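Chain by chain, the residues:
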Amino acid sequence: MMTATEYIDSLRKLKTRVYMFGEKIDNWVDHPIIRPSINCVAVTYALAQNPEYEDLMTVTSSLTGKKINRFTHLHQSAEDLVKKVKMLRLCGRKTASCFQRCVGMDAFNAVYSTTYEVDAVHGTHYQENFKNFLMMVQERDLTVDGAMTDPKGDRSKAPHEQKDPDLFLRVVERRPDGIVVNGAKVHQTGAVNSHWIIFMPTIAMGEADSDYAVSFACPADAEGLYMVYGRQSCDTRKLEDGCIDVGNSKFGGQEALVVLDHVFIPNEYIFLNGEYEFAGMLVERFAGYHRQSYGGCKVGVGDVVIGAAALAAEYNGVEKASHIKDKLIEMTHLNETLYSCGIACSCEGCPTKAGNYQIDLLLANVCKQNVTRFPYEIVRLAEDIAGGLMVTMPSDADFKSDLPVGSMGETIGEICNKYFAAREGVSTEDRQKIMRFLENVCIGAAAVGYRTESLHGAGSPQAQRVMIARQGDIQGKKKLAKAITGIQN
Ligand code: SF4
Ligand code: FE
């Protein structure tokens, strides 16, 4: 397995083409806006080296029998699924951000089971392709992005009906040795700092969309592939090196537009190529795993938010107020409810035809549906406890300024420290740190990961409601009511 440093160094060897603010970023590994998201993925490597977390972070490969990072694992039991959720909560606690590597893990498990079923029907060899690819990933301990979301254009139209055919990723040429694909994937978490990307279809498809029913793995720096980095609220604060105003200067998430401009994919990396009736299965399974993931990662970030809110209360001297205690109880209740959903859909997991374990789809969708709401309430309560200072506090430069301003020669820094003093025994700087952290996670750059990603990541709320409707077994429940009440037909 790679160390965190080896992971970061491995990225330097890639030729990934990254654009941001209208320019090509050559040294993206050290770019201050991008680097926190790289540090965040690096935590998944660092924790795997720590004996304290060995049981959660590492596991024996079902393919090679070797010790691997759990982020590259095919789940072999319900216990594996539970450990995955616990691992994600741990990573959330250590980073207070989206650490990105889970999308690849969720893609591995979805592609593994789906390719098995495609091969059984079509006599293809996609699972063999995938197993060889995954063994390489496990051996080299790579980070792999799982790319699903197409731009989609006019949502009322199928892929082949779009005015611009590139609005869904598609095969534009089939050759004896592979395929040429064209199109893009949007808001791709962790794409820039991944070694490889697995591409998957974004919706269930009909025969007319066969060219769009395509899945494959591709190096992140393949010829013809480039990325345009996504903006985050207050992202330029990250240019203020080490400044308290950044809020979380070590870690952050990232999203990017990934464009494939006539990229050639050799046969050995193809996992679906025209078998349109399996597109829906792949989407459903990947989404199910990623909806389970949120019952771990967002809970870990929630733990840090709750801790920061409790500190804000303590620094203000209000920690004993009954309404503060009650708000912290409510935040904990909401956060642990999300965790319960993540654990429940894992415990109820069962083997796929291919042998790896899948979560309970209904419970995973309920998990994610709750994630579309509870972090918003947790953030509201955190802002309530923090007070308005979270959004009105002067800059760190003011706190550190020695420009005289007062009638007695007091500096701006002294004035700021005087009027923003916390309770006795707590430094104003510590108060600043907590306020800026809460700003960062509630409405700043990290809010992308904790708020809006909670809403739209792994599918928007309506996508879960469709699945809940499908899995909810209303007919079976009607029968129960009839049996109890003695209704015959
Ligand atoms: Fe992982 Fe959560 Fe980020 Fe998805 S949102 S990539 S599950 S940390
Ligand atoms: Fe996500």
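Refer to the structure above for everything that follows.
Residues numbered from 1 in each chain as written. Chains lettered and ligands numbered in written order. Predicted model: local features only at pLDDT ≥ 70, side-chain atom pairs only at ≥ 80, totals over all residues. Heavy atoms only, no water.

A. Quick look at the packing of aromatic side chains. Considering all chains together, one arrives at 14 aromatic pairs under this definition. An angle of 85 degrees between the planes, with centres 5.3 Å apart, marks the rings of Phe130 and Phe271 as edge-to-face. Here the residue Phe130 occupies a position in helix H6 (residues 126-140), and Phe271 occupies one in strand S12 (residues 270-273), the gap between them amounting to 141 residues. As far as burial versus exposure is concerned, Phe130 and Phe271 are alike and both buried. Relative to Tyr269, the ring of Phe133 has its centre 6.4 Å away and its plane inclined at 85 degrees; by these criteria the two rings are edge-to-face. Of this pair, Phe133 sits in helix H6 while Tyr269 sits in the loop between strand S11 (255-266) and S12, placing them 136 residues apart in sequence. Joined through ring pairs, the aromatic side chains of Phe108, Tyr112, Phe130, Phe133, Trp196, Tyr269 and Phe271 make up one cluster. (Phe/Tyr/Trp six-rings, centres within 6.5 Å; stacked < 30°, edge-to-face > 60°. Helix = DSSP H or I, 4+ residues; strand = E, 2+ residues; numbered from the N terminus. Buried < 20%, exposed > 50% of the residue type's maximum accessible area, 1.4 Å probe, protein only.)

B. Structural detail: the coordination of the iron ion (ligand 2). Within the first shell, the iron ion (ligand 2) binds the protein through Tyr294 (OH) and Glu453 (OE), at distances of 2.4 to 2.7 Å. Here Tyr294 is found in helix H7 (residues 279-316), whereas its partner Glu453 is found in helix H15 (residues 447-456), with 159 residues between them in sequence. Tyr294 gets classed as buried once you look at its relative accessible area, which sits at 2%. (Donors = N, O, S within 2.8 Å, 3.2 Å for Na, K, Ca; no water.)

C. Structural view of the site of ligand 1. All residues adjacent to ligand 1 are Cys98, Phe99, Gln100, Cys102, Thr189, His290, Ser293, Tyr294, Cys297, Lys298 and Glu453. Considering each element in turn, the shell around ligand 1 owes the most residues, 5 residues, to H7. Considering only residue class, the shell around ligand 1 consists of 5 nonpolar, 4 polar and 2 charged. Three or more residues apiece are contributed to the shell around ligand 1 by two domains, here domain 1 (4-281) and domain 2 (284-475). (Near = heavy atom within 4 Å. Nonpolar A, V, L, I, M, F, W, Y, C, P; charged D, E, K, R; others polar. Domains from an automatic or database assignment.)

D. The arrangement of the pairing of strand S7 (residues 178-189) in detail. Along S7, 11 of the 12 residues are buried, which leaves the element largely enclosed by surrounding structure. If you look at the hairpin formed by strand S6 (residues 170-175) and S7, you'll find 2 residues sitting between the two strands. Relative to S11, S7 is paired through 9 bridges, and the arrangement is antiparallel. By the bridge assignment for S11, Ile179 is matched with Ile265. (Pairing = 2+ DSSP bridges.)

E. Examining the pattern of salt bridges more closely. Taken as a whole and assessed by the stated rule, the structure comprises 32 salt bridges. Between Glu54 and Lys67 there is a salt bridge, with the nearest N and O atoms lying 2.8 Å from each other. With a gap of 13 residues between them, Glu54 in helix H3 (residues 54-57) and Lys67 in strand S4 (residues 67-69) connect regions that are remote in the sequence. Given the relative accessible area of 36%, Glu54 is considered partly exposed. Under the relative-accessibility criterion, Lys67 is labelled partly exposed at 47%. Lys298 serves as the salt-bridge partner of Glu453, at 2.7 Å between the closest nitrogen and oxygen. With Glu453 in helix H15 and Lys298 in helix H7, this residue pair connects regions lying 155 residues apart in the sequence. Judged on exposure class, the residue Glu453 and its partner Lys298 are both buried. Look at the salt bridges and you will find they share partners, linking Asp9, Arg12, Asp30 and Arg35 into a network. (Salt bridge = Lys/Arg side-chain N within 4 Å of Asp/Glu carboxyl O.)

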